[in-house]
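Chain residues, written in single-letter form:
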Amino acid sequence: MKRFRNINGGILRDLALVAAMLPVVCWIQFRSGGIFLTGENLTDLLKETAVLGIMAAGMMPIMLTGGIDLSVGSVMALGGMLGATLLKECPGIAPAVVLLVGCLTGTCCGLFNGFLTARLRILPIIATLGTMYAFRGLTYLVANGRWILQGDMGGEFLRLASGSTLGVNNLVAIELVVYVVGFVFLSFCPCGRNLYAAGSNPDSARVCGINVDRTLLLAYALTGMVAGFAGILYVCDFGVAQGESASGYEMSVIAACVLGGVSISGGTGRIQGVFLGSLFLGILNNAMPLIHVSPFFQEAIRGGIILFSIVLNVIIARRIGKAALERRRRV
Amino acid sequence: MKRPENNAALLAHERNFSWGRLLCWEALLLLLLIGVNAMNMCVSPGYGDFPVLMDALRNFADKAIIAFPVAMVVLTGEIDISVGSTLALSAVTMGLCYRIGLPLGLCVVIAVATGALCGLFNGIILALYRELSSMIVTLSTLIVYRGLASVLMGKESVSFPVQGWFNEISWGDFLGCPYGVLFALAEALLFCYLIHCTVFGRHCRAVGSGSEASRFSGIKVERIKIVLFTLSGLFAGVAAVFLTSWMCSARADMARGYEMDVIAMVVLGGFSTAGGKGTLPGVLLAIPVIGLLRHGLGLMNMGSQAILIVVGSLLVVAAAIPGLRLLFGGTVRRK
Amino acid sequence: MSVSVAYQKTNPSGSAGDYVLEARGICKTFSGASALKDVDFRLRRGEIHALMGANGAGKSTLIDILTGVSRPDGGEIFLDGEKVFFRSVNDARRRSISAIYQNGAAFLHLNVTENIFAGHGVTTALGLLNWRAMHARAEELLRRLGCSIDPRRPMGDLTPGERQVVEIAKALSAQSRILIMDEPTAALSWRESMELYDIVRRLRADGCSIIFVSHRLEDIRALTDRITVLRDGECVGTWDTAGIGESELLTAMAGRRMDTVYPRRTRRIGEELLRIDGFTRAGYFKDVSLTLRRGEILGLAGLVGAGRTEVMRCVFGIDRADRGDVFLNGRRLRISCARDAMDAGIGYLPENRLAEGLLPEWGIGENISIGELRRFTRASFISQTKERIRSAELASAVGVKAKSIFDSVRSLSGGNQQKVVFAKIRNSDLEVLILDEPTKGVDVGAKSQIYEMISSFAARGFGVIMVSSELSEVLGMSDTVAVMRDGVVSAVFDNDGSLSQKTILKAAMPV
């Protein structure tokens, strides 16, 4: 019995990503005059990428089904804004309740997106392009032109981001928990595996008895929930909630996922890869001020990463397909 | 099996012309357009005056310029959401060239050329790597082009003359009609001809209905895609000239959100995102529906935020119509 | 999802005990048109029962009803004598009926185990999936079928034959006693088909009853006990396989006397028309050289995956070969896309009708004219009248059965659709016709018309290359038979009457 390693999308891809990261890290370390790889900077780095990592993991359900969600940034903003408003109006409220409000908001938004794409059969990119602006508008309405600042939020809430548990920063701890839960869900839960099936071949999935519409709805609801959750954490981290929060965030999230090996057309993607992808992006974001790269380059680099990753994915897939074909010939 | 000799004559009879089938969608759009205008007139009494109306049209002439080539892209089953960023990059390039002292006429040409190059890049990537969808490619170029515009110009802006022929591009008019509107109308005629009367247009429609089958029929699918995306970029460059002339300045953050309006116009105009469907008169009607609606909402002093909600919802509703038909029976084709 | 099955014990008649599955009076209509009319079907315990019929005869509809995918508008289904009513696919599966479809039903990104257990995984007490148990069970199932694939492999890595086995394992994992196999050998090589036959016999020995849907008389003769024929939604009859002749079967399916399917041909073969020299494409085919002469029909035989379609696609310009030349009338052609090939005078009938040959949403006329629209333009405006008339001429010349040129192609039968593709190809000026499985999924009546067309095209001094997996077709139509094996041309035979299917097979099978 031949043991065959699945190199397409498997561990090899993660290793390749790490291998690609190493020279970049070395170069950054050199250019920053040695500040990059210090303990302080690295802990800062982890903390800064925590929210992105959480949101990238949350984006996976939708992308696995072959869809996309451009509205996550707006959902984050809406969730964060509602949570912050709640904090402001009812001081002393438990942070857990605020998180819950965020989750609920996000889930509602996600369900709405899911209804549009699964029931009304609108192309996900168009549906979420529209809701991206619609939710953003709602955020502005709620904000009513005002910013909600640290002073309004209360110390207990802010400790969510600044405090630590067991020596690890809270946000990083939450990120780890999210990834563990995500890993279990995507690998061991029938619902999670259904996402892969629905993304790989929806018609077959239907014949197998999987309710594809319900699976899609679940995917969007999950992503929305995580977006709302991440929005609260975002607001907590930055200490400010305003209409423009998390504007353009969805692009970073998509970049992290694509970099981590999640296929745009659905069916493949490992959460470990997404973690590495968000880490890579975080490294770039962290490193740029250190090596005196203007922040204006960030957007271009992000877009370039997505473009480069998707093209690379295609080239690799073609190579592998050809190799498999040659192998079959010899059999 | 008997083969009736006059079978050819039987098969060849002309299709019964059914007005209903042809005009259903466009009739609905016409009603919408009348409704929007009625609403606007209620809000602002001076609205019905010709100069006021023309002024309103001038505001979104640039979006109209972009909408027609994007409609053709959607006809082939692709999508181009990088148009707003292409516009910005074209404008920024033009601004920089102007700042370093190149003649204004040359700058305009450079703007159009930049747009065309951006579109060409999209097309080439899609042609080389067929496995990629235009959705993700134009999403990433949306980011890249906007990013490049930021890199080139940062938060600054370049001012353009308030007098002279450049300003006249947007602010001048011919017999009361702004040049932008006239240009858009001429463009509409051009694309109407392209889509409905030429072999090229029929080929585009075929590609949207089935790209493999089109390939086997001798249609050069990749070449069509390259041409269409280049056109889309080129007209985004033209729109950049109009917008810059209108604003009298070029900035890196111009035209943010344009892609949403443009896609909304195209989809509302009856072009299915799956490709193969849509008529130009539909887009021609959908453009003022959305443009004038925005204008009207502004008249009502609705905050820009609320306008965002409305237009975003409108895009969703327009895209939902085939799906709504599905909910009430019938089938919708999904790629 | 609760199991909802209505039990109604019927008075056991003498024969009811023999039947594990019985369908009586099944009716089904789709938007006004009736797909099945009062169909009776009985499956005996432990038998392999063939279900035959032309495309559109209603086989797929019947299968969908028997497996719970759709519900009948009328009629009853009995399992082991008890009346049942399926609410869903899972429902039917729980009652031990599963269907095994062709390749398109696989999850290519997922591994074999997941494909087997999709939708009904083995869970632990906590509700989480137990991968170890699933992998072990998958291995066991595959071993039972004589297969030693590692279930951890991704499905996309397997050959079509291996995938077919996994599909069977999938049905077995649900412990189905009644299996419905829909054209299982369609994408398989001959050796894989033989292996499949063994598996099917093994399944029968294990106690399964099997419904075997196929067009291929070879499969049916080799494997089945009884045959039921559907035609136009009605059950024409059920016979013992051994007791019915080919001609009778064909008559039953087509509804009229059909003895010889192939037209009589007089050969008049001239000088070289098309020559393919040293065609190579890494991973697909190597050093392929073929010669086609005027008036000749060259049959290209071989197992699925031998590389025939791949070679022809390169000749037509759809794919690019690494090396090699194509010569037409002695002149070297430079072909980089289909347009070049068409302009040179080469026409191509693709293998997948609906995906590659036609635009399903369009009308007949538009499909026919799309290849050569330039003919109908005047000052770059398309003349709709010219187009309409020419399309109608072509459509009637090939015998398309339709009311008007504007009828949607999707509504036509398989044979009619194929004729539309023929009409489209004939719109161009051709010297060479390349056909890829020209009668796949085509009903018997249309088949003979198509053969007639091919024959007359060759008779006019042009050349035909016909890629086909139906050996009887290859022998019945070709003047010369080239055989490909594993990407190379293994033999070229002159079809002078002494050539047998066995000889071709021998050349086609891997050494």
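What comes next concerns the included structure.

Rules used throughout
Residues numbered from 1 in each chain as written. Chains lettered and ligands numbered in written order. Predicted model: local features only at pLDDT ≥ 70, side-chain atom pairs only at ≥ 80, totals over all residues. Heavy atoms only, no water. Pairing = 2+ DSSP bridges. Helix = DSSP H or I, 4+ residues; strand = E, 2+ residues; numbered from the N terminus. Contact = heavy atoms within 4.5 Å. Axes fitted to C-alpha atoms, helices over the stretch in contact; angles between N-to-C directions. Salt bridge = Lys/Arg side-chain N within 4 Å of Asp/Glu carboxyl O. Polar contact = N/O pair within 3.5 Å; in protein donor to acceptor, adjacent residues only side chain to side chain. Phe/Tyr/Trp six-rings, centres within 6.5 Å; stacked < 30°, edge-to-face > 60°. Buried < 20%, exposed > 50% of the residue type's maximum accessible area, 1.4 Å probe, protein only. Buried area = accessible area lost by both parts, 1.4 Å probe. Nonpolar A, V, L, I, M, F, W, Y, C, P; charged D, E, K, R; others polar.

**Quick look at the sheet that holds strand β11 (residues 272–281) of chain C**
All names here are of chain C.
- The four strands are arranged β12-β11-β14-β15 in an open sheet whose pairing can be described as antiparallel. With partners counted over all chains shown, the strands left at the sheet margins are β12 (285–293) and β15 (331–332), one partner each.
- The pairing of strand β14 (residues 323–328) with β15 spans two bridges and is classified as antiparallel. Residue Leu328 lies in a different strand from β15, and its bridge partner there is Arg331.
- Seen against the sheet, helix α9 (residues 308–316) touches β11, β12 and β14 and runs at an angle of roughly 110 degrees to β11.

**Considering the interface of chain A and chain C**
- Taken together, the 31 residues of chain A in the interface contact 39 residues of chain C.
- Taken together, the links from chain A to chain C amount to one salt bridge.
- At the boundary of chain A and chain C, one finds five residue pairs in polar contact (both at pLDDT 80 or more).
- Elements that contribute at least two residues to the side of chain A that touches chain C include exactly α8 (170–188), α9 (190–200), α10 (202–207) and α14 (296–330) of chain A.

**Remarks on the packing of aromatic side chains**
All names here are of chain B.
- Scanning all chains against the criterion turns up 19 aromatic pairs over all chains.
- Here Trp171 and Trp246 contribute two aromatic rings whose centre-to-centre distance is 6.1 Å and whose plane-to-plane angle is 5 degrees, an arrangement assigned as stacked. Linking Trp171 in helix α8 (residues 165–171) with Trp246 in helix α12 (residues 221–247), this pair joins segments that are 75 residues apart in sequence.
- Look at Trp171 and you get partly exposed, because its relative accessible area is 37%.
- Residue classification places Trp246 among the partly exposed residues on the basis of a relative accessible area of 30%.
- Ring geometry for Phe183 versus Phe242: centroids 5.5 Å apart, planes at 50 degrees, classification tilted. Of this pair, Phe183 sits in helix α9 (residues 179–197) while Phe242 is found in helix α12, placing the two residues 59 residues apart along the sequence.
- According to the relative accessible area criterion, Phe183 is partly exposed, its value standing at 31%.
- You can call Phe242 buried: its relative accessible area is 10%.

**With respect to the interface of chain B and chain A**
- The interface of chain B with chain A comprises 48 residues on the first partner and 39 residues on the second.
- For the pair chain B and chain A, the two sides together bury roughly 3,700 Å², of which 82% comes from carbon and sulfur.
- Where chain B meets chain A, there are one salt bridge.
- The salt bridge partner of Glu131 of chain B is Arg318 of chain A, with a shortest N-O separation of 2.8 Å.
- Where chain B touches chain A, the interface holds three residue pairs in polar contact (both at pLDDT 80 or more).
- Elements that contribute at least two residues to the side of chain B that touches chain A include exactly α6 (104–128), α7 (134–153), α13 (258–268) and α15 (304–327) of chain B.
- Residue composition of the side of chain B that touches chain A, by class: 29 nonpolar, twelve polar and seven charged.

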